[in-house]
Amino acid sequence: MGRLRRLLAGRRPGLRSLRTTFAVSFATVTAAVTVLVGVLSYNAAARLVRVDQETVFDQVVQDVRDEVRQHRMTPGDFTPSAPGHNVVRPARTDVQVLGPDGAVVDGGHPGLPVTAADRAVAADPAAGRMVEHKDVDVAEDVYRVATVSLGEGHGAVQVAQEFSDTEDLLRALQQRTLILMAAVVTAAGLFGWWLARRITRRLIILTSAAEDVARTRRLGIQVPVTGHDEVGRLGRAFDRMLGRLAQSEEDQRRLVQDAGHELRTPLTSLRTNISLLRRIDELPPATRLDLVADLSQEARELTDLVNELVDLAAGQSDSEPPQQVDLADIAEDVAGLARRRTGREITVRASGDTGTEGRPGMLTRALSNLVENAAKFDPERGPIEIDVVGPPRPGAVRVEVLDRGPGIAECDLIRVFDRFYRAADARSLPGSGLGLSIVREVALAHGGAPFALRREGGGSVIGFTVGGGAVGATRIGG
């Protein structure tokens, strides 16, 4: 429990960090995608607008060049008073006409600057010659200017297009794009925080339950986690784990209580007999022999009880690796040992496939307990039979020990496998009441179940199944 407490220490800050990390990650990914899409969209839109403006300007300039090449023209042909030859003026386009010496004949609105290169083009004898100026500042606006010669030194036509409005439009678009991206990133961060809180809320509940367990050491806490996702599965698994830990703790508590109760009787008897040893010189010889015999018997019973308690508390040597075993062979070994110890007639009958996977040491102990139990409760020393029955198809192997003793009362059939339980007519006999409890633990550990029946004609049938636990479980109590 101390390790669990240390493990869970600081878990709540970790969950807050997880929530923040999730929200920041969500916002970061959204920001990256938004910035990428925004930049690409802005660049594409800006490129399309600029290309469109440049295409329109280039087309107007090309029309002027074609016009002056095809017709012999003078500056007067481009004045507003000369219909049919006026330059088409798209939006934000300005036209200015220059004379042969580069002087302005018809000024633009606003007026365009005239450079030495423009004057040289105006005096050029070839029609259609052109000089272009980019990023020309005119009346606080930016223009692109193209000067086209009329030929024969008659002058030139200047065509200009304003680009500052386009750049202002693009800057406004850029600002709106940045504002939109900031809004999207902010919304993504808030949504990510809400989503992270929603996702981690059940983790926080689960962590609180774990912290309560570590603080209060109470394992019976109900974990209020729902859902069918990974968090829900984790919550249900944690709830089942707490249930099993609580059951294990309860079993240990009952084992300690029962063991303490059972140990008091032999210890009390030992103390009484030991106190008599102080007066052993005063006792008759026969009483001395009885006293020593009682001490020896009580020491053996106490040793057996302690050994069984150790086996039961240790989980029946779960570290023993499972392997393929034949229960008929184990039954023969147990029967042979019991014959030498008790001198009783013990027969083994096997049928079907008695092979299975299990821990041989545990199975031997369980079967030995059944045989010893049958021998102990049959004062007439009748024959003991061991039946090992394999299933006709893959399933549980059934092991039965049959005796002709006094049998088990109907009301005791369902309780004979409880720890320390002893029937009323068996309390005067030696034993701890743990033998059949160990049989139950072994059967359950091997996927089976114990069973106890009254035998026709007198006696009992006690045994267990290995594999396919539901087969044997239905027979408990007859």
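Please read all numbers here as calculations on a predicted model, not as lab measurements.

Q: Please clarify how the packing of helix α8 (residues 360–376) against helix α9 (residues 435–445) should be interpreted in this entry.
A: Any two packed helices are characterised by the angle at which their axes cross and by the distance between the axes. At a closest axis distance of 9 Å, the pairing of α8 and α9 adopts a crossing angle of 145 degrees. α8 and α9 meet at a crossing whose hand is left-handed. Contacts between α8 and α9 involve Met362, Leu363, Arg365, Ala366, Asn369, Leu370 and Asn373 from the former and Gly435, Leu436, Ile438, Val439, Val442 and Ala445 from the latter. Here the residues of the contact of α8 with α9 are counted per class, giving nine nonpolar, three polar and one charged.

Q: Even after reading the chapter, I still don't get the UniProt feature "transmembrane region" (unreviewed entry) in the protein, so can you show me in this structure?
A: Taken from the UniProt record, the annotation "transmembrane region" (unreviewed entry) applies to residues 21–42 and 178–196. Annotation note: span residues 178–196, helix share 100%, strand share 0%, distance between end C-alpha atoms 26 Å.

Q: I would appreciate a short explanation of the packing of aromatic side chains in the present structure.
A: A ring pair, where both rings are aromatic, is described by two values, the distance of the centres and the angle of the planes. Evaluation of the coordinates by the stated rule reveals one aromatic pair. When the ring centre of phenylalanine 451 is taken as origin, the NZ or CZ atom of arginine 398, which lies over that ring, is 3.8 Å away.

Q: Mind showing me how you'd approach the sheet that holds strand β5 (residues 156–162) here?
A: What the five strands build is an open sheet, ordered β2-β1-β5-β4-β3; its pairing is antiparallel. Only two strands of the sheet have a single partner each, and these edge strands are β2 (104–106) and β3 (130–138). Averaged over all adjacent pairs, the angle separating strand axes in this sheet is 30 degrees, with direction ignored. Sheet topology places β3 next to strand β4 (residues 141–149); seven bridges connect them, and they run antiparallel. Counterpart to histidine 133 in the pairing with β4 is valine 145.

Q: Mind showing me how you'd approach the pattern of salt bridges here?
A: Side chains that carry opposite charge are capable of pairing whenever their charged atoms lie near each other. Using the criterion set out here, one finds nine salt bridges in the structure. Between glutamate 132 and arginine 144 there is a salt bridge, with its nearest N and O atoms 2.2 Å apart. Taken together, the residues span a long stretch of sequence, with glutamate 132 in strand β3 and arginine 144 in strand β4 at a distance of twelve residues. The exposure class assigned to glutamate 132 is partly exposed, which follows from its relative accessible area of 32%. Accessibility expressed as a relative area gives 11% for arginine 144, which makes it buried. Salt bridges linked by common partners bring Arg349, Glu385, Asp387 and Arg455 together as one network.

Q: Got a minute to help me understand the side chain of arginine 344 in this structure?
A: Residue position: arginine 344 is located in the loop between α7 (327–342) and β7 (346–351). Arginine 344 sits in the buried class, given a relative accessible area of 5%. A distance of 3.2 Å separates the side chain of arginine 344 from the backbone oxygen of alanine 375, its partner in a polar contact. If sequence neighbours within four positions are ignored, arginine 344 has contacts with Arg339, Ala374, Ala375, Asp378, Arg381, Gly382 and Ile384.

Parameters at a glance
- Sequence order sets the numbering: in each chain, residues are counted from 1 along the sequence as written.
- Reporting in this predicted model follows two pLDDT cut-offs: at least 70 for local features of residues, and 80 or more for side-chain atom pairs to be given and counted; totals over whole chains, interfaces and linings ignore these cut-offs and use all residues.
- To get the side-chain values, all heavy atoms of the structure are used, and hydrogens and water are removed first.
- Each axis is a line fitted through C-alpha atoms, taken for helices only over the stretch in contact, and angles between the N-to-C directions span 0 to 180 degrees.
- We count a stretch as a helix when DSSP gives it H or I for four or more residues in a row; a strand needs E for two or more, and each element gets its number in order from the N terminus.
- Crossings are assigned a handedness: left-handed for a near helix turned anticlockwise from the far helix by less than a right angle, right-handed for a clockwise turn.
- Note on contacts: a residue pair qualifies if any of its non-hydrogen atoms lie within 4.5 Å across the two residues.
- Note on residue classes: Ala, Val, Leu, Ile, Met, Phe, Trp, Tyr, Cys and Pro are nonpolar, Asp, Glu, Lys and Arg are charged, and everything else, Gly too, is polar.
- UniProt positions are given in the numbering used here, feature names are shortened, and annotations may be inferred rather than shown by experiment.
- Under the pairing criterion, centres of Phe, Tyr and Trp rings, with the six-membered ring standing for Trp, must be within 6.5 Å; the plane angle then separates stacked pairs below 30 degrees from edge-to-face pairs above 60, leaving the rest tilted.
- Here, a charge over a ring means that NZ of Lys or CZ of Arg falls within 6 Å of the ring centre while also lying within 35 degrees of the ring normal.
- Being paired, for any two strands, means DSSP has found at least two bridges between them.
- Salt bridges are identified by distance alone: a Lys or Arg side-chain nitrogen within 4 Å of an Asp or Glu carboxyl oxygen.
- Burial classes follow relative accessibility: with a 1.4 Å probe on protein chains only, a residue under 20% of its type's maximum area counts as buried, one over 50% as exposed, and anything between as partly exposed.
- Here a polar contact is recorded for every N or O atom pair within 3.5 Å, except that within protein the pair must consist of a potential hydrogen donor and a potential acceptor, and residues adjacent in sequence are included only if both atoms are side-chain atoms.

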